[in-house]
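Architecture at a glance
What follows is the residue order along each chain.
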Amino acid sequence: MGWRDAWWISGVAFTELSLQAIYAFRQGNLLPAGPARELAAKARRRVIQSKIVVAVVLGLLAAGACLLLEISARVVGTPFFGVFVSPEVFQTCVLTALLAVEMAFLWWTGLQVIPTYLASGVLPVLEPLPIDDATLGRAAGLLYLRLFDLPAAMVLITTPLFVAWTLGLAAGLAVVPGTVAAVGFALALALITGRFFVRRVQGSRGGGGRTALRWAYLVLWVLPAFAMFGLVVAAPGFLAIVGRTVELGPSAARDGLVAIFPFTFAALPALANAGPGVFGLDRAGTTILVVAAAVYVGIAAWSILWLMVSVRRLGLAPPLVPAEAPAARYTLAPERPAVAVLTKDLRIASRMPGYAFLVIFPILDAVAIGLFTFVAGPGSTGAFDLALAAVSTAALLATFFGPAFFAIEVLAYSYGRTLPLPDRFIILGKVALVALIYLLAGGIVLGLTLPRVFLPGLFAAFIAAELPAVLAASLLELGILFRRARAKGLPIVNLYSGGYYAVFVAIPGAVVAGLPLVAYRILAAGSTSVAIAAMGLIALAELVACAPFSLGVRGGRDA
Amino acid sequence: MASAPFGPDPTPLTIDALTVMYGEHLAVDRLGFSVRAGEIYGLLGSNGAGKSSTIKSIVGLVRPTHGSVRVFGFDAVRQSLATKERVGYVPETSLLYEALTPREFLEFVASVRRLDATTASARSKSYAEAFRLEGEFEEPIASLSNGTRQKVLIIAALLHQPPLLVLDEPLNSLDPRSVRIMKEVLARYVASSGRGVLFSTHTMEVAQQLCHRVGILDRGVLRAEGTLAALRERAAAGDASLEEVFLRLTREDEGLDLAVRALEGV
């Protein structure tokens, strides 16, 4: 057997994985009526649709970055925190952010898929068959690559194309190693962190102390991805730092900078177009850059090879092994049903990094932007605007929670449907969790900006005025998803199997959450108080409109 | 029974002309039977006979195409909440929140069932100790064996002491000790006033030991129903085992010898 057989086997396994991801029958959901061949084809189509959605988002990121590259010549006259940067430095910073975000996004989507991949059991089914070790290893590796094929191809193809289009062919070719490294690292990181979290987080025992430890692990896990997001948010500051470092001439700081991924690769297009003089690189600096790039490419290539071996081992190993346990605590503390749903979701999220990411991200975002206001002067308009931006971001991020928390409900959906739990309690529990995260994020920003922004009352009013819109957006999204689930028995399990619907419901959610923010922006030029009042009224009207739609969901549990 | 404490009708379960279709496939065909108060009713059938579809109709997982399912007089479709409050269900497969521990899962079920902390804790402790779950009570369900998951599901079904227990192949994956405990639990359970148990299995020995009456389901149709004695009489099977009676009534004994002989050369 060779690569051809491995490719064929990985195709069969991928169909099985798609079927399980879409119909979630391992979680007890019923397969819809119809010939198995058609169901399998439909499942594959749906997974491919979701991969296309992820790939399109990545393509848009690359296109957006290249729009920024287009204007690089015009930024020469614009100071960033008092520092003028050259077009080449600007281009390098944009490409650094692009490569970082591409890697983070691929990594994060990979983490959504890995629990499904591990739970599917597709590899243990193959293991007893008379397939030689090499072919089985290749099939496992190819199966893993199939999960990422379209998004990875989008990064590998569109990034060099867009860069070539805006900066020239040499620059396009120069960015290729960077994209290869970003994809290789993302795939390896997804597997490494996936394995770590399956063991240390999913496999963690119950109990208050361990729950806190799990959340601490999850915060640690989010930090790298968050740092990359922060890089984009703090772009002007980053530009200023890079500009100053380049101005310094040959220095340890500059040599360090060119050795840091992904700056090393992002600098290559500028170097390809303008030569080492563009960053004032001396021989030592150039050597460091070349060696760093070669090392990163080597690590990326090794990562891919390591993946091909480790994927099989990971897919076969029992993910969790019960440890010797201390005496059990049988005390149960029942809660009100809606609170029980909220508690259950938080407990599940604490063992599933993909969901935990959504809970932690807005909070970290609030901390980062809150701290960033310290750049602006005390009481300045800039600081106030930044603080409002942090709350607005938290509100808009909340629109992704509906699909995510619905996805938690799909776990053991069949069992849940046999309990006397009306859908409105489930929806209320999830909306309460969304509100909690939003208020926590808002509270953090308020606390951090209190010494800088001297309008705490106004700021608190802004947070409160937006709250009904956040509730309305979540209610609308959950209402759509529950109605859809009732009508079609549709489970939405993860980003790949349900990305299409997650995007579909997030759009109206974003409109509902965003409308009061837009109203504020329009009216704030006149009077901030009036703008906040109008914002609150719009948000309340949205809540009144959305609540009956969602809380009136009737179905198996309510009828 | 004079009083009906669990609903308008004292009969735990009444199924009338139940038909379940998946697309064009007929899974259950005009099925009718009832589980009386104080009775363990065994639903027997080969794989694909329609047992699980019948049970899923009772617990609200499958909507009947025709016919009705009533639990203590409550319609399982139109009054699903009232029905679910009165039913404890053990599914055929281990459908659980894998990211929760047994304690967290039972806490969620107790909350949904609106049990107070004292009652819920006392019951979970009794059952967990009986099933020897102490070592696994704080482990994520994902790490547990099938048998342990089954025990967790059984405890979840018993936690609110429902007047009707619906068990779909509940003894699958259980160790012999737990099977014995389960049999004891069920026997004592129906001894309490007004309660009933519906028990699906294809293990004839278990059904023979446990069930007061059995219904034999074959390709979605109820072929026979009654006590073991009544079924023996109907099958003209003398003092044959339930397995013999089952094979005769479903005509699955036809060609059995040929099938076994055909395997000899394999």
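None of the values given here were measured: they were computed from a predicted structure.

1. A word on the sheet that holds strand β1 (residues 13–22) of chain B
Residue and element names in this part refer to chain B. A sheet is described by the order of its strands in space; here four strands give the open sequence β2-β1-β4-β5, paired in antiparallel fashion. Each edge of the open sheet is held by one strand with a lone partner, namely β2 (25–35) and β5 (74–75). The sheet contact formed by β1 and strand β4 (residues 66–71) spans five bridges and is antiparallel. Note that in β4 the partner of Asp-16 across the bridge is Ser-68. Sitting on the sheet, helix α1 (residues 51–59) is in contact with β1, β2 and β4, with an inclination near 115° to β1.

2. Some points on the confidence of the model for chain A
Per-residue pLDDT for chain A has a mean of 80; in total, 81% of the residues score no lower than 70. In the predicted structure, residues 555–559 of chain A sits below a pLDDT of 50 and forms 28 contacts with residues beyond four places in sequence or in another chain.

3. A look at the state of the cysteines
All names here are of chain A. Tallied over the entire structure, the rule returns zero disulfides over all chains. Not part of a disulfide, Cys-93 finds its nearest cysteine sulfur in Cys-66, a span of 15 Å. In this structure Cys-93 comes out as buried when scored by relative accessible area, which is 5%.

4. Concerning the nonpolar core
In terms of nonpolar packing, the biggest core is built from 130 residues, with Phe-105, Leu-186, Val-197 and Phe-199 of chain B touching the most fellow members. At 13 residues, helix α19 (residues 456–488) of chain A tops the list of elements feeding residues into this core. In this structure Val-197 of chain B touches Val-35, Glu-39, Ile-40, Tyr-41, Leu-164, Leu-165, Leu-167, Leu-186, Tyr-189 and Val-190 of chain B, once residues within four positions along its chain are discounted. Residues Val-94, Leu-136, Ala-266 and Leu-268 of chain A belong to the second largest nonpolar core, which totals 87 residues.

5. With respect to helix α4 (residues 117–130) of chain B
Residue and element names in this part refer to chain B. The end-to-end C-alpha distance of α4 is 20 Å, a good match for the 20 Å that 14 residues give at a rise of 1.5 Å each. For α4, the complete set of buried residues consists of Ala-120, Ser-121, Ser-124, Tyr-127 and Ala-128. Taken end-on, α4 shows its buried residues confined to a sector of 145°, consistent with a single buried face. Contacts from the buried residues of α4 go to α3 (102–112) and α5 (146–158). Following α4 by one or two positions, Arg-132 has its phi on the positive side, about 55°.

6. Re the pairing of β1 of chain B
All names here are of chain B. Sheet topology places β1 next to β2; seven bridges connect them, and they run antiparallel. Its bridge partner being in β2, Thr-14 is matched across the sheet by Ser-34. Taken together, β1 and the strand that follows it, β2, pair antiparallel across an intervening segment of two residues, in which Gly-23 is found at a positive phi of about 65°.

7. Digging into the packing of α3 of chain B against α5 of chain B
Residues and elements named next belong to chain B. Contact geometry of α3 with α5 gives a least axis separation of 10 Å together with a crossing angle of 25°. Our classification of the angle between α3 and α5 gives roughly parallel. Crossing angle aside, the handedness with which α3 passes α5 is right-handed. The segment α3 lies against α5, with Pro-102, Phe-105, Leu-106 and Val-109 engaging Val-152, Ile-155 and Ala-156.

8. Observations regarding the pattern of salt bridges
In this structure the tally under the stated criterion is 17 salt bridges over all chains. Residues Arg-103 of chain B and Glu-107 of chain B are paired through a salt bridge, measuring 3.4 Å at the closest nitrogen-oxygen approach. Here Glu-107 of chain B and Arg-103 of chain B lie together in helix α3, a separation of four residues that amounts to about one turn. One salt bridge in this structure joins Arg-213 of chain B and Glu-225 of chain B, with 3.7 Å as the shortest N-O distance. Linking Arg-213 of chain B in strand β9 (residues 213–218) with Glu-225 of chain B in strand β10 (residues 221–226), this pair joins segments that are twelve residues apart in sequence. According to the relative accessible area criterion, Arg-213 of chain B is buried, its value standing at 8%. With relative accessibility at 33%, the residue Glu-225 of chain B sits in the partly exposed group. A single salt-bridge network, built from bridges that share partners, covers Arg-347 of chain A together with Arg-103, Glu-104, Glu-107 and Glu-138 of chain B.

Reading the values: the criteria
Residues numbered from 1 in each chain as written. Chains lettered and ligands numbered in written order. Predicted model: local features only at pLDDT ≥ 70, side-chain atom pairs only at ≥ 80, totals over all residues. Heavy atoms only, no water. Pairing = 2+ DSSP bridges. Helix = DSSP H or I, 4+ residues; strand = E, 2+ residues; numbered from the N terminus. Contact = heavy atoms within 4.5 Å. Axes fitted to C-alpha atoms, helices over the stretch in contact; angles between N-to-C directions. pLDDT = per-residue confidence, 0-100. Disulfide = S-S within 2.5 Å. Buried < 20%, exposed > 50% of the residue type's maximum accessible area, 1.4 Å probe, protein only. Core = buried A, V, L, I, M, F, W, Y, C linked by side-chain atoms within 4.5 Å. Expected span 1.5 Å × (residues − 1). Arc of directions from axis to C-beta. Parallel < 35°, antiparallel > 145°, perpendicular 65-115°, else oblique. Left-handed = near helix turned anticlockwise from the far one by under 90°. Salt bridge = Lys/Arg side-chain N within 4 Å of Asp/Glu carboxyl O.

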